[in-house]
Amino acid sequence: MYNFEFVKPSSVDEAVAALRDEDAQPLSGGQTLIPTMKQRLNQPSKLVSLTGIADLVGVSSSGGVLSVGGATPHATVAAEAGDYPALAALAGQIGDPAVRNRGTIGGSLANNDPAACYPSAALASGATIVTNAREIAADDYFQGMFTTALDEGEIITGVKFPIPQAANYQKFEQPASRFALTGVFVAKYADGVRVAVTGASNDGVFRWTEAEEALSANFSPNAISGLTVASDDMISDLHGSAAYRANLVKVLTGRAVAACA
Amino acid sequence: MKISLTVNGKTMSGEAEGRTLLSTFLREELGLTGTHIGCDTSQCGACTVHVNGKQVKSCTMFVAEADGADVSTIEGMANTDGSLGVIQQAFQDHHGLQCGFCTPGMVMAAASLLEKNPKPSEAEIRHHLEGNICRCTGYHNIVKAIMAASGQEVPAVAAE
Ligand SMILES: Cc1cc2nc3c(=O)[nH]c(=O)nc-3n(C[C@H](O)[C@H](O)[C@H](O)COP(=O)(O)OP(=O)(O)OC[C@H]3O[C@@H](n4cnc5c(N)ncnc54)[C@H](O)[C@@H]3O)c2cc1C
Ligand code: FES
Ligand code: FES
């Protein structure tokens, strides 16, 4: 890996200032960034560590909204997001214990890997991504594989999740990588149901709106039995064909709804 | 830059660059070669150590992130008189290793599990070891060793 300058500020303002340098990049848990730097797919001149900023770590809940700091590790969300059990369960299934101790929600959402777990929770919950500069609705934030609404040097400082009446995440694991081969997050709110799918589409995380309409009218696995998922834009690789993934979307949505009961 | 760590209870320091990994620092700067590098891509868990009590893959953490931290490695798992610690002894008793390459990481992962969950079930042990790969044993004897180290009856495990 190429060398770089390492800085570890203790406030968001200092981090934002340090990120103004050309080729500077934030470092959170490093669970994605370090492997890509080893492969020289990424070569920042400066890494600005976010792990020394106390304000960015923690889980709190008030007024029906669960807030998670941008540099909060998956293990902390798994242990402390009890007010949103489906989110805590999702965090507890990411990777393995060592990955969960380092990897963070902000890193996962900034990276927007097409097979990552958190993007589905953020989109299905209609979460708000909070940065040092603004608040971004999840519906506007995800812009395709590895692409987000974040500007250069913008830091995710937190994520606000409206807590649903019921929710469940079904992850069909790719056993070698432990990422989602396909994952579906279903969240039921007073004003309707949201369904977000990860791991399946070439465009990254997406909402399955037909299922949302059917489930908002009748929240039962039968409600989606007549629907089909088009396989045109689905990922096809050695782990599963596009048609296989399209079928998984429907099967996992049914299982998630059943698990909400 | 200068880095200081408390490793297995002793303060140690050395020189590092921004890109120096915790695993590299432990092995090359401090000479603690018990921490093994298997994949160097955060897949195998051979490099598992504890940083401030939490299990991490030392090949996927910059040592600068651990500056000032309390680090435990496999070298700290033996008893002070040099005899094998409880988990290490159980691995020996139950033939929980063959080539031994994965063993430092397995023992550190097991220690972290037993701290939180002193009497884990077989399923909990297997779940906790998801990030630790062993190419020799087929895992059964590792699971048995951890059962034994936690003072539980060693079960006949599935598929034997
Ligand atoms: C073995 C293994 C298994 C895994 N399994 C899963 C899995 O099952 N599901 C899953 O979802 N993920 C999985 N991951 C990925 C893991 O969750 C990563 O932790 C996560 O994707 C990245 O988070 P990080 O904190 O490590 O980010 P980093 O690696 O530090 O950063 C990733 C990117 O985000 C940027 N960034 C980081 N933080 C911020 C911020 N606050 N604001 C703006 N930009 C930021 C960085 O500059 C970088 O470009 C796995 C990883 C490994 C190694
Ligand atoms: S060497 Fe670190 S996980 Fe394999
Ligand atoms: S004993 Fe050889 S890899 Fe585990």
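Residues numbered from 1 in each chain as written. Chains lettered and ligands numbered in written order. Predicted model: local features only at pLDDT ≥ 70, side-chain atom pairs only at ≥ 80, totals over all residues. Heavy atoms only, no water.

## Points about the site of ligand 1
In step 1: Neighbouring residues of ligand 1: 31 residues in total, closest Pro26(A), Leu33(A), Thr104(A), Cys117(A) and Arg178(A).
In step 2: Near ligand 1, residues from chains A and B are present, making the site a shared one.
In step 3: Here an oxygen atom of ligand 1 and a backbone polar atom of Ser28(A) are 2.8 Å apart.
In step 4: For ligand 1, whose accessible area on its own is 970 Å², the fraction buried by protein is 95%.
In step 5: Breaking the shell around ligand 1 down by element, the ones donating at least two residues are strand E2 (24–27) and helix H6 (105–111) of chain A.
In step 6: The greatest single-element share of the shell around ligand 1, amounting to 4 residues, is contributed by H6(A).
In step 7: Looking at the shell around ligand 1, its residues break down into 13 nonpolar, 15 polar and 3 charged. (Near = heavy atom within 4 Å. Polar contact = N/O pair within 3.5 Å; in protein donor to acceptor, adjacent residues only side chain to side chain. Areas by Shrake-Rupley, 256 points an atom, 1.4 Å probe, with all protein chains shown as cover. Helix = DSSP H or I, 4+ residues; strand = E, 2+ residues; numbered from the N terminus. Nonpolar A, V, L, I, M, F, W, Y, C, P; charged D, E, K, R; others polar.)

## A word on the domain arrangement of chain B
All names here are of chain B.
In step 1: In terms of domain boundaries, chain B breaks down into domain 1 (2–76) and domain 2 (86–149).
In step 2: The gap between the C-alpha centroids of domain 1 and domain 2 is 21 Å.
In step 3: With 16 residues of domain 1 in contact, the opposing surface of domain 2 contributes 15 residues.
In step 4: Across the interface of domain 1 and domain 2, roughly 1200 Å² is buried in total on both sides, 58% from carbon and sulfur atoms.
In step 5: Three residues, His50, Gln55 and Ile74, lead the burial of domain 1 against domain 2; their summed loss comes to 41% of the area buried on that side.
In step 6: In this assembly, domain 1 and domain 2 are joined by 0 salt bridges.
In step 7: For the side of domain 1 that touches domain 2, the secondary-structure elements that each account for two or more residues are strand E3 (48–51) and strand E4 (54–57).
In step 8: Of the residues assigned to the side of domain 1 that touches domain 2, the class counts are 4 nonpolar, 11 polar and 1 charged. (Domains from an automatic or database assignment. Contact = heavy atoms within 4.5 Å. Buried area = accessible area lost by both parts, 1.4 Å probe. Salt bridge = Lys/Arg side-chain N within 4 Å of Asp/Glu carboxyl O.)

## Overview of the packing of helix H2 (residues 86–93) of chain B against helix H5 (residues 140–149) of chain B
All names here are of chain B.
In step 1: At a minimum axis distance of 8 Å, the contact between H2 and H5 shows a crossing angle of 135 degrees. When the interaxial angle is binned, H2 and H5 end up oblique. Taken as a pair, H2 and H5 cross one another with a handedness that is right-handed. Of the residues in H5, those touching H2 at Val86, Ile87, Ala90 and Phe91 are Ile142, Ala145, Ile146, Ala148 and Ala149. (Axes fitted to C-alpha atoms, helices over the stretch in contact; angles between N-to-C directions. Parallel < 35°, antiparallel > 145°, perpendicular 65-115°, else oblique. Left-handed = near helix turned anticlockwise from the far one by under 90°.)

## A word on the pairing of E3(B)
Residues and elements named next belong to chain B.
In step 1: In E3, alternate side chains face the same way, and those of Thr48 and His50 on one face and Val49 and Val51 on the other are all buried.
In step 2: Looking at chain direction, E3 and E4 are connected through 4 bridges and run antiparallel. Bridged to Thr48 within E4 is Lys57.
In step 3: Counting the residues that bridge the hairpin from E3 to E4 gives 2 residues, and of these Asn52 lies at a positive phi of roughly 50 degrees. (Buried < 20%, exposed > 50% of the residue type's maximum accessible area, 1.4 Å probe, protein only. Pairing = 2+ DSSP bridges.)

## Overview of the nonpolar core
The nonpolar side chains of a soluble globular protein tend to be buried with one another.
In step 1: Ranked by size, the top nonpolar core spans 37 residues in total, and within it Tyr84(A), Leu109(A), Tyr118(A), Phe161(A) and Phe185(A) carry the most contacts.
In step 2: Elements represented by at least two residues in this core include exactly strand E5 (65–69), helix H4 (85–92), H6, helix H7 (118–124), helix H8 (138–141), strand E8 (156–162) and strand E10 (180–189) of chain A.
In step 3: Tyr118(A) has contacts with His74(A), Val77(A), Leu87(A), Leu90(A), Ala91(A), Ile94(A), Ile105(A), Ser108(A) and Leu109(A), leaving out every residue within four places of it along the chain.
In step 4: Core analysis: the next-biggest nonpolar cluster, separate from the first, contains 27 residues, Ile3(B), Leu21(B), Ala64(B) and Ala66(B) among them. (Core = buried A, V, L, I, M, F, W, Y, C linked by side-chain atoms within 4.5 Å.)

## As for helix H9 (residues 209–217) of chain A
In step 1: When we look at burial in H9(A), the residues that qualify are Ala211(A), Glu212(A), Ala214(A) and Leu215(A).
In step 2: Contacts from the buried residues of H9(A) go to strand E11 (192–198), strand E12 (206–207) and helix H10 (242–260) of chain A.

## Topic: the environment of Gln25(A)
Residues and elements named next belong to chain A.
In step 1: Structurally, Gln25 can be placed in strand E2.
In step 2: Between the alpha carbons of Gln25 and Leu47 there is a distance of 5.1 Å; along the sequence they are 22 residues apart.
In step 3: Here Gln25 is in contact with Leu19, Leu33, Asn42, Pro44, Lys46, Leu47 and Val48, once residues within four sequence places are set aside.

## Regarding the sheet that holds strand E1 (residues 5–7) of chain A
All names here are of chain A.
In step 1: A sheet is described by the order of its strands in space; here 3 strands give the open sequence E1-E3-E2, paired in parallel fashion. At either end of the open sheet lies a strand with only one pairing partner, and these are E1 and E2. Here the average twist between neighbouring strands, direction ignored, is 25 degrees.
In step 2: Inspection of the sheet shows E2 paired to strand E3 (residues 46–49) by 4 bridges, in the parallel sense. When the bridges of E3 are listed, Pro26 appears paired with Val48.

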